[in-house]
Amino acid sequence: QVLREDGAFASPSSTKPITMICTNVERVSAGFAWLKKFPEFHFVAEEEAVFRDAERGVVKCPVEGGAFIVMPTAQPVIGEEALFWAAAK
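Basis of the calculations
- Residues numbered from 1 in each chain as written.
- Predicted model: local features only at pLDDT ≥ 70, side-chain atom pairs only at ≥ 80, totals over all residues.
- Heavy atoms only, no water.
- Salt bridge = Lys/Arg side-chain N within 4 Å of Asp/Glu carboxyl O.
- Helix = DSSP H or I, 4+ residues; strand = E, 2+ residues; numbered from the N terminus.
- Buried < 20%, exposed > 50% of the residue type's maximum accessible area, 1.4 Å probe, protein only.
- Pairing = 2+ DSSP bridges.
- Axes fitted to C-alpha atoms, helices over the stretch in contact; angles between N-to-C directions.
- Disulfide = S-S within 2.5 Å.

### Here we look at the pattern of salt bridges
Where charged atoms from two side chains of opposite charge approach closely, those side chains can pair. Inspection of the entire model under this criterion finds three salt bridges. Note that Arg56 is salt-bridged to Glu26, the shortest N-O span being 2.9 Å. Here Glu26 lies in strand β3 (residues 20-27) and Arg56 lies in the loop between β6 (49-53) and β7 (57-60), a separation of 30 residues in the sequence. Residue class for Arg56 comes out partly exposed when judged on its relative accessible area of 42%. A salt bridge links Arg56 to Asp53, with the nearest nitrogen and oxygen atoms 3.6 Å apart. Residue classification places Asp53 among the buried positions, given a relative accessible area of 6%. Three or more residues joined by partner-sharing salt bridges are found here, namely Glu26, Asp53 and Arg56.

Spelled out as structure tokens, the structure:
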């Protein structure tokens, strides 16, 4: 799949592919809940609220310039990955 700069899927002939670099991972902890449903490869702005948990409260995108949400979990399990942050380069 090829993504446009805004995170939407594009046909391979209509746009240049981007490279994503996963900079860190968020793990599920007690009280985890998405603030809204995020599809795979959804782009979020820097400091945009994404989920909350009992320990940290509201968690926002920490990546300067924003990031793509990679592999957002559909079934949160404490200790497992909730999502990966991926910066586009």
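So much for the structure itself; the text now carries on.
### Considering the sheet that holds strand β5 (residues 42-44)
Strand order in the open sheet formed by four strands is β3-β9-β8-β5, and the pairing between neighbours is antiparallel. A strand with exactly one partner marks an edge of an open sheet, and here the two such strands are β3 and β5. With strand direction ignored, the average angle separating the axes of adjacent strands in the sheet is 35°. Pairing between β3 and strand β9 (residues 81-88): seven bridges, direction antiparallel. The residue bridging Val25 from the neighbouring strand is Phe84, located in β9.

### As for the state of the cysteines
With the rule as written, the count across this model stands at zero disulfides. Of all cysteine sulfurs, the one in Cys61 lies closest to Cys22, which takes part in no disulfide; the gap is 12 Å. The partly exposed category is assigned to Cys22, whose relative accessible area is 44%.

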